[in-house]
Amino acid sequence: MDSLFQRSLEDLIKGIRLNLLTEPTFISKSTDDIRREIKSTDLHTKSVALQKLTYLSALYGLDMSWAAFHVVELMSSSAFAHKKIAYLAAAHSFHAATDVSLLTTHQFRKDLNSANPFEVSLALHCFSIIATPHLARELTPEIFTLLSSSKPSIGKKAVAVILRVFSQYPDAARVCFKRLVENLESSDPHTLSAAMGVFCELAVKDPKSYLPLAPEFYRILVDSRNNWVLIKAVKIFGKLAPLEPRLAMRVVEPICEYMRKTGAKSLMFECVRTVVTSLAEYESAVKLAVVKIRELLVDDDSNLKYLGLQALTVVAPKHLWAVLENKEVVIKSLSDADPNIKLESLRILMVMVSERNVAEISRVLVNYAIKSDPEFCNEILGSILSACSRNVYEIIEDFDWYVSLLGEMSRIPHCQKGEEIEHQLIDIGMRVKDARLQLVRVGRDLLIDPALLGNPFLHRILSAAAWVSGEYVEFSKNPFELMEALLQPRISLLPPSIRAVYVQSAFKVLIFCLHSYLFYRETIACSPSSPDNFVSESKCPGSDSAIVAADCQQDEVFNPRASNQSFEDASTEDVEDITVTHAQIPNSASLGKDGFTHESIGNLLNLIEVALGPLSGSREVEIQERARNVLGLIELIKQELPGLVKKEGNFEREGLKFPKIIELMHDAFSKELGPVAANAQERVPIPDGLILRENLGDLEMICGNDQLPTSSSFSFGIPHSKEKVGLPQSKGESSEASTESTSLLAEHRKLHGLYYLPSEKNDVSNDYPPANDPKLQDNLNDDAKDLVKLTEQSLLQKKKPNHAKPRPVVVKLDEGDEAPIAAKKLELKEDLLSGAVRDVLLGNEAVSTSQSNLTDKSSSKRRGKEKLNTDHPSGPKEVLGDVGNPNMGNPSSRRSKHHGHGKERRHRSPRKKEKEREENGQKDKQKSSHRHNRHKSRQRAEGPNNVVTQTPLIPDFLL
């Protein structure tokens, strides 16, 4: 009755189409019906329910792991229709963690030994998908038998499945590898193609292990007429040729012949790729490959054009002339409609970049970036940044040009490379001293550009510009202009982390201005010149004035860090051109026409107080701390120099004072900041008594009960409303917040003292979380203009120009500027598979058999199957001689196929024959004991792991 009223899969599909609006409800109801139907004892009802569940799982992603046992039940049905549905469900839902997969072992073995080829095919297909180490180990004997099946439809599937078996159970190679090699001589093209596909995948992982099979692969390369088989053979030789130069010499001619004559584009491309990657030493082959690449580049098919560009990318590093011959096609590809083609052409251009043409190519690519869509624009900018910074700016000779290029790239509308440009601006400032003047110029232009404030992708660039302007302020033409740019009201648009850098840079500019002005006064007081004529009377731009965007046009550069030079006497005629920075008196090139005056310093202090006053009550701790530091310094200066904010005459009559704090802060900011190695943290010794735990997963459990503040940043108890209005915080509120935070800190330290450093002070430093910049997507699509002529001129190899100015010194670290890359370890399974293959090819299977790790149930079965391979044992030389025809059956049949191999056997010494007879006798005894204990003994063979790996050799008759 259940099956009478049961809905079929066709009914389920019709119901889904009719209930589009209530589809989730209909699927939920259908799932409930399936849960009830699948429990039926009637196999037909169960199969229909499982079929519907598999359909819903494949289409809607429903979890059907709960039905795994019902799948196993249906697999044991004798009806082929039921078995087909069960195997399909198992292939779709079973995985390595499915427990009931262990129950399928017997059913797989039964179906693999079935006389019905359709049942065998079903089992092989499902086994290739859900095979686990246990299933692979238990079913290796059955797969071994199917490898020599007389039915091509079964044999080709068994050959394909063996790759999955090897990956899950590497020791299966000791049993099945020789029979897999035999399939290379199969007359069925499908079986041969499957075998070549398996060896192609195996050679990619460890090509060295398959060098002894080179004669057989060479025979297939020469004799086969199947394009797919030839493609696999060419791929295999592409992996083997770099390991053996003599082999490359032998296969280069057949591969070139296929390139000349074949009409199949797939085979031609594979030959081209093999030549440019593995046979690049043969000039004639490379020239032929370049001709074929040209044919692909001019083809109308976008797929073939892309493959041609990809091949040209591979050949470009060693044969640049190949790119120059096809430069027109490459350049035009930058404007292609296919984005993949544009990216490949961009990669080819970046391969050609050198110190001779970096400026020209960068200029052309920047022009393309301005007219390109946002995605390709950022690909271009990223390629330029990566190429120019490679190996610590190895190809950059003119850093002034490169810094200007970084500033120009920042103003491109679609630029999203703010992080990379920020890193390079700061890195160049620390490494290249001669580029700091240009850095300050570019930084000043970026700071006063209002268009950059609204682009969140460029905020990091503004952070670098502010840092450079503050760190190297002595190179600035007008420090007062820098201060106005750093404190302009529009910086409220920036994230808190960027604004904190602005405030800190303003702190540095203030220290520089105060120190320079006070040093002027101290120097003039000791000189006979009149102080009235020392400083030109000029007003500092006030806080309400507009920012002057004047360009720095001076050519003189001075060394601001030199502190050992003394001040020389100057006459009153040229004292107006003198300015003092960092204990040195350079000319006025660093300040322009206006110098430091009493009025300008007073206006500067007023500007800072007005701009940073509201920020001292900010809820952002980084901004608040820095703003209070600057305002606190101004208060100290006012206390020590009260006349500084008064009229100039009163200040002069009170006498000159040089505050100690200004000198100390100036000395602190004068320290050079250099690059830090990426592995510097690893060389810091761990303090004694500090225990570093590797696993901090329990922190979440420990801190789970702690209530974190809802705000994204820390505050000092200032209400948000007060911050907006600008009201000061009362002392009562401050004391209450301080008491509360202290008690909470003490309680947390008491509970979780393990994670605190042993210290007498209870100070805790809170790291402010970085701001999350929202990434905006720009959908503008502009077509790139045709710049082929300009690009062709820049791509031509020119003579290296004679630079009037030598390349500046770039600071490099002895330990290296890049973090060491840990070598990837080979997986254990790949190592075991390679070892098993080498043992089989070198004739060590008798020894390696004792090393295989079999379970108690499968050991005797595997030994029973191994006797098929040990009937005619042979030494290493015999195996290498038989590689050309690896038929492991009757020796007489092998002699009839390859007489040359038989001749090698006839010329063996009598001593070798006696040794083989002894080995045969020992193996016969082992076989008899295996037969006797086949159903009684279930113990694992144990033996010492003392096998010495032998180097694979290639027979000389091929080479």
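All figures in this text were calculated on a predicted structure; none of them were measured in a lab.

Engineer: Got a minute to help me understand the overall build of the chain in this structure?
Structural biologist: For the chain, the count of helices and strands is 43 helices and 0 strands. Considering the chain as a whole, with its 959 residues, one finds that 47% of them fall into the buried category. Residue pairs in contact within the chain that sit at least 24 positions apart in sequence constitute 73% of those at least 6 positions apart. Looking at the chain as shown, the accessible area adds up to about 50400 Å², and 52% of this sits on carbon and sulfur atoms.

Engineer: What am I meant to see in the environment of Lys-178 here?
Structural biologist: Note that Lys-178 resides in helix H10 (residues 173–182). Using a relative accessible area of 9% as the deciding quantity, one classes Lys-178 as buried. Between the C-alpha atoms of Lys-178 and Leu-841, which are 663 residues apart in sequence, the distance is 8.3 Å.

Engineer: What is the right way to look at the packing of helix H1 (residues 9–18) against helix H2 (residues 23–37) in this model?
Structural biologist: Any two packed helices are characterised by the angle at which their axes cross and by the distance between the axes. It is the contact of H1 with H2, at a shortest axis distance of 9 Å, that shows an interaxial angle of 155°. On the basis of the axis angle, H1 is roughly antiparallel to H2. Along this stretch, H1 crosses H2, giving a crossing that reads as right-handed. Contacts between H1 and H2 involve Leu-12, Gly-15 and Ile-16 on the former and, on the latter, Glu-23, Phe-26 and Ser-30. Here the residues of the contact of H1 with H2 are counted per class, giving 3 nonpolar, 2 polar and 1 charged.

Engineer: What is the right way to read the packing of aromatic side chains from this model?
Structural biologist: Aromatic ring pairs are described here by two measures, namely the spacing of the ring centres and the angle between the planes. Applying the stated criterion across every chain yields a total of 12 aromatic pairs. Between Phe-80 and Phe-118, the aromatic rings sit 6.3 Å apart at their centres with planes inclined by 70°, giving edge-to-face as the arrangement. In this pair, Phe-80 is assigned in helix H5 (residues 80–93) and Phe-118 in helix H7 (residues 117–130), connecting sequence segments 38 residues apart. The class of Phe-80 is partly exposed, set by a relative accessible area of 33%. Between Arg-35 and the ring centre of Trp-66, over which it is positioned, the NZ or CZ distance is 4.1 Å. A cation over an aromatic ring shows up here: Arg-179 above the ring of Phe-144, its NZ or CZ 4.0 Å from the ring centre.

Engineer: Help me understand the nonpolar core in this model?
Structural biologist: Here is a general trend for soluble globular proteins: nonpolar side chains tend to be buried in one another's company. Ranked by internal contacts, the top residues of the largest apolar core, which has 227 residues, are Phe-108, Phe-166, Phe-177, Phe-199, Ile-428 and Leu-510. No other element matches helix H28 (residues 496–526), which puts 15 residues into this core. Here Phe-166 is in contact with Ala-172, Ala-173, Cys-176, Phe-177, Leu-180, Leu-202 and Leu-833, once residues within four sequence places are set aside.

Engineer: Even after reading the chapter, I still don't get helix H11 (residues 189–205), so can you show me in this structure?
Structural biologist: Residues spaced three or four apart along an α-helix point in a common direction, a consequence of the helix completing one turn every 3.6 residues. Here H11 spans 25 Å end to end across 17 residues, near enough to the 24 Å set by a 1.5 Å rise per residue. Here H11 has its buried residues at Thr-191, Leu-192, Ala-194, Ala-195, Met-196, Gly-197, Val-198, Phe-199, Cys-200, Leu-202 and Ala-203.

Engineer: Just checking my understanding: could you explain the pattern of salt bridges for this structure?
Structural biologist: Side chains carrying opposite charge are able to pair once their charged atoms draw close together. Summed over the entire model, instances satisfying the criterion amount to 28 salt bridges. Its salt-bridge partner being Glu-142, residue Arg-109 comes within 3.4 Å of it at the nearest N-O pair. Of this pair, Arg-109 sits in helix H6 (residues 105–112) while Glu-142 sits in helix H8 (residues 133–146), and the two are 33 residues apart along the sequence. Judged by relative accessible area, which is 15%, Arg-109 ranks as buried. Residue Arg-260 is joined to Glu-253 by a salt bridge in which the shortest nitrogen-to-oxygen separation is 3.7 Å. Residues joined in a network through salt bridges with shared partners are Glu-253, Glu-257, Arg-260 and Lys-261.

Engineer: Where do I start with the environment of Asn-367 in this structure?
Structural biologist: By the element assignment, Asn-367 lies in helix H21 (residues 358–371). Separated by 45 residues in sequence, Asn-367 and Ile-412 place their C-alpha atoms 9.9 Å apart.

Engineer: What is the right way to read the environment of Cys-200 from this model?
Structural biologist: Turning to its location among the elements, Cys-200 is positioned in helix H11. For Cys-200, a relative accessible area of 6% translates into the label buried. A sequence separation of 36 residues divides Cys-200 from Ile-236, and the C-alpha atoms of the two residues are 5.5 Å apart.

Engineer: I would appreciate a short explanation of unusual backbone geometry in the present structure.
Structural biologist: What is expected of a backbone is that most residues other than glycine have negative phi and most peptide bonds are trans. Within the chain, Asn-391 stands out as a residue other than glycine whose phi angle is a positive 55°. Tracing the backbone through its elements, the reader meets Asn-391 in the loop between helix H22 (374–388) and helix H23 (399–410). Asn-391 sits in the partly exposed class, given a relative accessible area of 39%. If you check the backbone angles, Val-392 has positive phi at about 55° while not being a glycine. For Val-392, the position within the fold is in the loop between H22 and H23. Look at Val-392 and you get buried, because its relative accessible area is 11%.

Engineer: Can you help me understand the packing of helix H24 (residues 418–431) against helix H26 (residues 459–471) in this one?
Structural biologist: Two elements in contact, H24 and H26, have axes whose closest approach is 7 Å; the angle formed by their N-to-C orientations is 15°. When the axis of H24 is compared with that of H26, the two are roughly parallel. As H24 runs across H26, the sense of the crossing is right-handed. Of H26, the residues touching H24 (which contributes Gly-418, Glu-419, Ile-421, Glu-422, Leu-425, Ile-426 and Met-430) are Arg-460, Ile-461, Ser-463, Ala-464, Trp-467 and Val-468. Within the contact of H24 with H26, the residues separate by chemical class into 8 nonpolar, 2 polar and 3 charged.

Engineer: Explanation requested: H5 in the structure shown.
Structural biologist: Between the first and last C-alpha of H5 there are 20 Å, a value that for 14 residues agrees with the 20 Å anticipated at 1.5 Å per step. His-82, Lys-83, Ile-85, Ala-86, Tyr-87, Ala-89, Ala-90, Ala-91 and Ser-93 are the residues of H5 that are buried. Turning to H5, the residues buried within the fold contact helix H3 (43–60), helix H4 (68–75), H6 and H7.

Engineer: Help me understand the confidence of the model for the chain in this model?
Structural biologist: Reading predicted coordinates in detail is not appropriate for stretches of low pLDDT. Mean pLDDT over the chain stands at 74; residues scoring 70 or higher make up 65%. In the model, residues 529–594 has pLDDT below 50 throughout and makes 137 contacts with residues more than four positions away in sequence or in other chains. Counting contacts from residues 845–915, a segment whose pLDDT is below 50, to residues more than four positions away or on other chains yields 129 contacts.

Rules of the game
- Residues numbered from 1 in each chain as written.
- Predicted model: local features only at pLDDT ≥ 70, side-chain atom pairs only at ≥ 80, totals over all residues.
- Heavy atoms only, no water.
- Helix = DSSP H or I, 4+ residues; strand = E, 2+ residues; numbered from the N terminus.
- Buried < 20%, exposed > 50% of the residue type's maximum accessible area, 1.4 Å probe, protein only.
- Contact = heavy atoms within 4.5 Å.
- Areas by Shrake-Rupley, 256 points an atom, 1.4 Å probe, with all protein chains shown as cover.
- Axes fitted to C-alpha atoms, helices over the stretch in contact; angles between N-to-C directions.
- Parallel < 35°, antiparallel > 145°, perpendicular 65-115°, else oblique.
- Left-handed = near helix turned anticlockwise from the far one by under 90°.
- Nonpolar A, V, L, I, M, F, W, Y, C, P; charged D, E, K, R; others polar.
- Phe/Tyr/Trp six-rings, centres within 6.5 Å; stacked < 30°, edge-to-face > 60°.
- Lys NZ or Arg CZ within 6 Å of the ring centre and 35° of its normal.
- Core = buried A, V, L, I, M, F, W, Y, C linked by side-chain atoms within 4.5 Å.
- Expected span 1.5 Å × (residues − 1).
- Salt bridge = Lys/Arg side-chain N within 4 Å of Asp/Glu carboxyl O.
- pLDDT = per-residue confidence, 0-100.

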